[in-house]
Amino acid sequence: MPTEPSAASIKTTCPYCGVGCGVKATVTAHEVIINGDDEHPANFGRLCSKGSALGETLNLDGRLLAPQIRDDSGALHETGWDDVLNRVADKFKQVIADHGPDAVAFYVSGQLLTEDYYIANKLMKGFIGSANIDTNSRLCMSSAVAAHKRAFGEDVVPVNYDDLEAAELIVLVGSNTAWCHPIVYQRIVKAKENNPQLKIVVVDPRRTATCDIADLHLPLIAGTDVWLFNGLLSHLHQHKLHDAAFISEHTRGLGKALLVAENTAGSIASVAKTCGVNPSALEEFYALFARHSRVITLFSQGVNQSSQGTDKANAIINCHLLTGRISKPGMGPFSITGQPNAMGGREVGGLANMLAAHMDLEDATHRQLVQTFWESPVIADKPGLKAVDLFKAIHAGKVKAVWIMATNPVVSLPDANKVKAALQKCELVVVSDVVMNTDTNHCAHVLLPAAAWGEKDGTVTNSERRISRQRKFLPLPAQAKPDWWIICEVARRMGFAHGFNFNSAREIFLEHAALSAKDNHGERVFNLDGLTCLSESEFDELQPIQWPVLEKKVGTARVYEEGRYSFADHKARFVPTRPHMPKHARNEEYPLVLNTGRIRDQWHTMTRTGKAARLNTHIPEPFVDMHPQDALLYGVREGELVRVATRWGSMIARLKCSGEVPRRMIFVPIHWNGAYSSDARVGALVNPVVDPASGEPELKHTPARVASFVTAWQGFVLSRQPMVIKDAIWWTQMQGEQFIRHEIAGRRTYSDWSPWARKLLGAEDPRADFLEYFDVGTRVYRAAHIVDDRIESCVFVSPRPDLPSRTWLAGLFSKSKLSDRDRAGILAGRAIDAGADAGATVCSCFGVGRNTICNAIKKDKLSTVQQLGQKLKCGTNCGSCIPELRNILLELSAVETE
């Protein structure tokens, strides 16, 4: 939440999603104060709950702070930089000498800065001579990249955030924008407030928080997007709503694309049946698209993360090309990126099938240009292994050494158990990371301590092609180093000193910019010619700027305005998109479809957001969301633990029936991992099928089943220190404010819980201040260890999952002295004082709980979100909780009406 800084602020860029919000960081003697940058054009000062909490993630707890090497017994030992760099370089050289350059690989990340990405790509493709460098961005936006290249000849996003205000219709496809890109969502909300005529359509199998502002929700069957947009293309053409002049002058290939569309989705009735949507709702969507000229189709992971993700994106682009609704204010297909620098990685060729500066790996002229520019001994001459295939090759022993940077593939990749097995078999696994305890790091032979956000300096590029500076405002701790420095040092030790003599991120950026401009006479839109001669002060002060930059520090807001695309003939391409259902279909054994995705307050595998107590309060444990009728059908109950299983793996999570998920689908978040839960890596369940064009995995559609996970008891522990709870067959843990929350379940029961609890809570001394209560009839047990009148830890155990509220108990940990009423509440299992239990957190930014909200609504007769904001502040920062606030108002209104 915004706080007024009292000292000079450093302007930098948020390290989370691809919105690319500007941040002001103010370092004081005791903390780092985080505010939004009012002048940054991506966010104009707004930050989401995650961005607002960045200051709470900057401590050194759990940091990897020195190079480490694992010995033959599996133990890690600290070492110096010279030793570890020599070992890594020597092993890479040996593997290359013995098996060739394709026996080594890099797996990098959209969390890297552009300069880090550039150096990694240069080393692998230009000096090692292999294209075996891929990135976790393969998992989120590579289908959009492939679609852009097929349609435009280059990976170019032709839409700006400003277009959202100019649009008449915004179609959100496969995007829970309210939770995954909250600042863009709030921009859309504001645009609709300013222009009530703006129409919003949400295309998503789930009824997510994004539907809060929708005029129309199309809950299509997962995997049927191509039919939907082929049907739209056919409908628009049948009703002569095409732009004949634009098509003739600026496109090719309409005939084949239309033929496929007509044959697969030629009528509203057939499309409605295939997609599982109401024909009248489908007709309304097509009519809205036809009626409004300024249309933006914003698409994200629900489109990209599919075995036909590229075709989904091209089916969307086809509709914009047919109507000429592209590269003009308020219109166009808009791929919104997942990571802070996924686009920067695309610029430098961070994917295995790309060269730097948007050049084509399979184009001999481009290869020669890049090799000559780099003065490199070799250049990769064929595409490398994409992410899923890369780890299959490691498992098969074809890739013998891999360097993983800033990512956690043992959690995030599909078929993740096989990924783990691959790394355990690999001769050399090097990991550059910020934190010590990750699932991937447990498989590493070498750990290299990298600089974290706030400690490193360089650039990132957001979803609208805007380059922003990430600036350093904290010193490097202990032995941590920037990623570019680590890569350069290994390169030098491999004998490539002449290509890697960089002393700063600025020097790397200037080379990156110069390569983009080299022999680029308009053939490639990506061109940073106007940034090739920045002085140190100019680089330090560089303002957010959109590429292409053809004149010094003058960006370009709109691309392809003149209809000249990046193909040799300058014409865009319609792409025939032949729909098909996902390869693995539901069956009797696996009758449900597993869908995965993000939640509001967490990011990736929680190595950063998991540190912020307030981000852990909204959804504190892994869950599986399921339709209530399916829960009844399969004999499971909301609030209970269930096992989710697929052909590839299984996991345990709490069952939730939110009403968002349609029949025969379940939803599980991606974030939980071995550091935070005993058994919640959803990547282990996901099938490894990929899109044939992009290599992006099918993360939204895996056949699954759900069954009860039987336990004798469930409980929770709140403690000031982390614990290992040996009797728990299932556990999760989350950081709270001055405590750690452990959710636990077990099968071994005790006739007397007291010895177990005393040992667990560290109160074995009979003189310890120890409160406990046991109900023989219900088998409910609760206990607390008090030290110097402050609660040190507590445990609650019950045969039933409906345990007391953790919220009021959590509040006791901030008290310097417990009152008698507090002690009585612990024994009673509930707060004694009225209003002491705020309830489950709804607004993370201001820590406002559901009970507090409900009490305020009833007491003060509140009826609007605005009134709640004025009273409690909830919903007034990032706005992500506003849909939930509206639902609470509706629920209480309905109860009052009854």
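These numbers come from a predicted model, not from an experiment.

1. Here's the deal with the overall build of the protein chain
Argument step 1. Assigned secondary structure in the protein chain consists of 29 helices and 34 strands.
Argument step 2. Computed over C-alpha atoms, the radius of gyration of the protein chain comes to 27 Å, within 12% of the 29 Å expected from 2.2 N^0.38 for 898 residues, which places it in the range of a compact globule.
Argument step 3. Projected onto its principal axes, the C-alpha positions of the protein chain cover 85 × 70 × 60 Å.
Argument step 4. A total of 898 residues make up the protein chain; the buried ones form 63% of that total.

2. Details of the pattern of salt bridges
Argument step 1. Summed over all chains, the structure comprises 46 salt bridges.
Argument step 2. A salt bridge links aspartate 83 to arginine 87; the nearest nitrogen and oxygen atoms lie 3.2 Å apart. Placement of the pair is aspartate 83 and arginine 87 together in helix H2 (residues 81-99), with a separation of four residues, close to one helical turn.
Argument step 3. Judged by relative accessible area, which is 30%, aspartate 83 ranks as partly exposed.

3. Digging into the nonpolar core
Argument step 1. Phe92, Phe106, Leu228, Phe285, Trp403 and Ile853 are the most contacted members of the largest nonpolar core, which has 218 residues in total.
Argument step 2. With residues near it in sequence (within four places) discarded, phenylalanine 92 still touches Val104, Ala105, Phe106, Ala401, Val402, Trp403, Leu428, Val430 and Met494.
Argument step 3. By size, the runner-up hydrophobic cluster in this structure holds 26 residues, among which are Leu390, Ile394, Val402 and Leu699.

4. Regarding the sheet that holds strand S12 (residues 295-299)
Argument step 1. Taking strand neighbours across the sheet as the criterion, the five strands line up as S10-S9-S8-S12-S13 in an open arrangement whose pairing is parallel. The open sheet has two edge strands with one neighbour each: strand S10 (216-218) and strand S13 (332-335). Pairs of neighbouring strands in the sheet enclose a mean axial angle of 15 degrees, with direction left out of account.
Argument step 2. In terms of strand pairing, S12 meets S13 through four bridges, oriented parallel. Bridging across to S13, phenylalanine 299 finds its partner in serine 335.
Argument step 3. On the sheet, helix H12 (residues 279-291) packs against strand S8 (169-173), strand S9 (199-203), S10 and S12 and is oriented at approximately 120 degrees with respect to S10.

5. Quick notes on unusual backbone geometry
Apart from glycine, the bulk of residues carry a negative phi angle, and the bulk of peptide bonds sit in the trans form.
Argument step 1. The step from tryptophan 547 to proline 548 runs through a cis peptide bond, and the omega angle for that step is 5 degrees.
Argument step 2. Despite not being glycine, alanine 478 shows a phi value in the positive range, around 50 degrees.
Argument step 3. Summarising the element assignment, alanine 478 is placed in the loop between strand S18 (466-470) and helix H20 (483-493).
Argument step 4. Looking at alanine 478, the relative accessible area reads 65%, which means it is exposed.
Argument step 5. One non-glycine residue, arginine 664, lies in the positive phi region at around 65 degrees.
Argument step 6. Within the fold, arginine 664 resides in the loop between strand S24 (650-656) and strand S25 (665-669).
Argument step 7. The exposure class of arginine 664 is partly exposed, given its relative accessible area of 42%.

6. Concerning the environment of leucine 892
Argument step 1. Tracing the sequence through the fold places leucine 892 in helix H29 (residues 882-897).
Argument step 2. Leucine 892 gets classed as buried once you look at its relative accessible area, which sits at 17%.
Argument step 3. As a C-alpha pair, leucine 892 and serine 863 span 29 residues in sequence and 9.5 Å in three-dimensional space.
Argument step 4. With residues up to four places along the chain from it excluded, the contact list for leucine 892 reads Cys854, Ile857 and Lys858.

7. Concerning the environment of proline 662
Argument step 1. Mapped onto the elements of the fold, proline 662 is located in the loop between S24 and S25.
Argument step 2. Between the alpha carbons of proline 662 and valine 795 there is a distance of 37 Å; along the sequence they are 133 residues apart.

8. Quick look at helix H14 (residues 309-323)
Argument step 1. Relative to the 21 Å expected for 15 residues at 1.5 Å per residue, H14 spans 22 Å between its end C-alpha atoms, a close match to the ideal helical length.
Argument step 2. With its phi angle positive at about 65 degrees, glycine 324 sits one or two positions after the end of H14.

9. Let's talk about the sheet that holds strand S2 (residues 22-27)
Argument step 1. Strands sit in the order S1-S2-S3 across an open sheet of three strands; the sheet is antiparallel. Bordering the open sheet on either side are strand S1 (10-13) and strand S3 (32-36), each of which pairs with just one other strand. Here the average twist between neighbouring strands, direction ignored, is 35 degrees.
Argument step 2. Two elements, S2 and S3, share five bridges in a ladder whose sense is antiparallel. Pairing of lysine 24 across the sheet is with asparagine 35, part of S3.

10. Structural notes on the packing of aromatic side chains
Argument step 1. Tallying each qualifying case throughout the model produces 29 aromatic pairs.
Argument step 2. Aromatic pair phenylalanine 106 and tryptophan 403: ring centres 5.4 Å apart, planes at 80 degrees, arrangement edge-to-face. Taken together, the residues phenylalanine 106 in strand S6 (residues 104-108) and tryptophan 403 in strand S14 (residues 401-405) connect sequence positions 297 residues apart. With respect to burial, phenylalanine 106 and tryptophan 403 carry one shared label: buried.
Argument step 3. Relative to phenylalanine 289, the ring of phenylalanine 285 lies with its centre 6.5 Å away and its plane at 85 degrees, an arrangement referred to as edge-to-face. Linking phenylalanine 285 with phenylalanine 289, this pair stays in helix H12, spanning four residues, or about one helical turn.
Argument step 4. Given a relative accessible area of 0%, phenylalanine 285 falls into the buried group.
Argument step 5. Relative accessible area serves as the criterion here: at 0%, phenylalanine 289 is assigned to the buried category.
Argument step 6. The ring of phenylalanine 667 has arginine 206 sitting right over it, with the charged end atom 3.7 Å from the ring centre.
Argument step 7. One Lys or Arg, lysine 481, reaches over the ring of tryptophan 485 and ends 5.0 Å from the middle of that ring.

11. Some words on the pairing of S8
Argument step 1. With five of its five residues buried, S8 lies for the most part within the structure.
Argument step 2. Here S8 shows no split at all, with Leu169, Val171 and Val173 on one side and Ile170 and Leu172 on the other all buried.
Argument step 3. Relative to S9, S8 runs parallel, the two being bridged by five bridges. Following the sheet pairing, valine 171 is matched in S9 by valine 201.
Argument step 4. Bridge count between S8 and S12: five bridges; the pairing is parallel. By the bridge assignment, isoleucine 170 is partnered in S12 with isoleucine 296.

12. Considerations on the layout of surface pockets
Argument step 1. Of the pockets and cavities examined, the second largest pocket occupies roughly 670 Å³.
Argument step 2. In this structure, the second largest pocket is lined by 27 residues; those nearest its centre are Asp61, Gly610, Lys611, Tyr676 and Gln735.
Argument step 3. In terms of residue class, the lining of the second largest pocket is made up of nine nonpolar, 13 polar and five charged.

13. Remarks on the packing of helix H8 (residues 225-238) against H14
Argument step 1. The contact between H8 and H14 brings their axes to 8 Å, and the two run at 15 degrees. With respect to H14, the axis of H8 lies roughly parallel. Note that H8 runs across H14; the crossing there is left-handed. Of the residues in H14, those in contact with Asp225, Val226, Phe229, Asn230, Leu232, Leu233, Leu236 and His237 of H8 are Asp311, Lys312, Ala315, Ile316, Asn318, Cys319, Leu322 and Thr323.
Argument step 2. Of the residues assigned to the contact of H8 with H14, the class counts are nine nonpolar, four polar and three charged.

14. Structural notes on a positive patch on the surface
Argument step 1. On the surface, a cluster of positive charge is contributed by Lys392, Lys418, Lys425, Lys583 and Arg647.
Argument step 2. Along the polypeptide, lysine 392 turns up in helix H17 (residues 387-395).
Argument step 3. Note on lysine 392: relative accessible area 39%, which makes it partly exposed.

15. Some points on the packing of helix H4 (residues 142-152) against H14
Argument step 1. For the pair H4 and H14, interaxial distance at closest approach is 8 Å and the crossing angle is 50 degrees. When the axis of H4 is compared with that of H14, the two are oblique. Of the two possible hands of crossing, H4 and H14 adopt the one that is right-handed. Where H4 approaches H14, its residues Ser143, Ala146, Ala147, His148, Arg150, Ala151 and Phe152 are matched on the opposing element by Gly309, Thr310, Asp311, Ala313, Asn314 and Ile317.
Argument step 2. Across the contact of H4 with H14, the residue classes break down as six nonpolar, five polar and two charged.

16. Observations concerning the side chain of histidine 671
Argument step 1. Relative to the helices and strands, histidine 671 resides in the loop between S25 and strand S26 (702-708).
Argument step 2. Given a relative accessible area of 0%, histidine 671 falls into the buried group.
Argument step 3. Side-chain polar atoms of histidine 671 contact the backbone oxygen of histidine 604, separated by 2.8 Å.
Argument step 4. Leaving out residues up to four positions away in the same chain, histidine 671 has contacts with Gly597, Arg598, Ile599, Gln602, Trp603, His604, Thr605 and Met606.

What counts and what doesn't
- Residues numbered from 1 in each chain as written.
- Predicted model: local features only at pLDDT ≥ 70, side-chain atom pairs only at ≥ 80, totals over all residues.
- Heavy atoms only, no water.
- Helix = DSSP H or I, 4+ residues; strand = E, 2+ residues; numbered from the N terminus.
- Rg over C-alpha atoms; globule rule 2.2 N^0.38 Å.
- Buried < 20%, exposed > 50% of the residue type's maximum accessible area, 1.4 Å probe, protein only.
- Salt bridge = Lys/Arg side-chain N within 4 Å of Asp/Glu carboxyl O.
- Core = buried A, V, L, I, M, F, W, Y, C linked by side-chain atoms within 4.5 Å.
- Contact = heavy atoms within 4.5 Å.
- Pairing = 2+ DSSP bridges.
- Axes fitted to C-alpha atoms, helices over the stretch in contact; angles between N-to-C directions.
- Expected span 1.5 Å × (residues − 1).
- Phe/Tyr/Trp six-rings, centres within 6.5 Å; stacked < 30°, edge-to-face > 60°.
- Lys NZ or Arg CZ within 6 Å of the ring centre and 35° of its normal.
- 1 Å grid on protein atoms, 1.4 Å probe; cavity = no way out; pocket = protein on both sides within 12 Å on 5 of 7 lines; lining within 4 Å.
- Points joined across faces, edges and corners; volume = space filled by probe spheres on them.
- Nonpolar A, V, L, I, M, F, W, Y, C, P; charged D, E, K, R; others polar.
- Parallel < 35°, antiparallel > 145°, perpendicular 65-115°, else oblique.
- Left-handed = near helix turned anticlockwise from the far one by under 90°.
- Patch = residues over 30% accessible without salt bridge, like charges linked within 9 Å, V, L, I, M, F, W, Y side chains within 5 Å.
- Areas by Shrake-Rupley, 256 points an atom, 1.4 Å probe, with all protein chains shown as cover.
- Lys, Arg positive; Asp, Glu negative; His and termini not counted.
- Charge placed at Lys NZ, Arg CZ, Asp CG, Glu CD.
- Polar contact = N/O pair within 3.5 Å; in protein donor to acceptor, adjacent residues only side chain to side chain.

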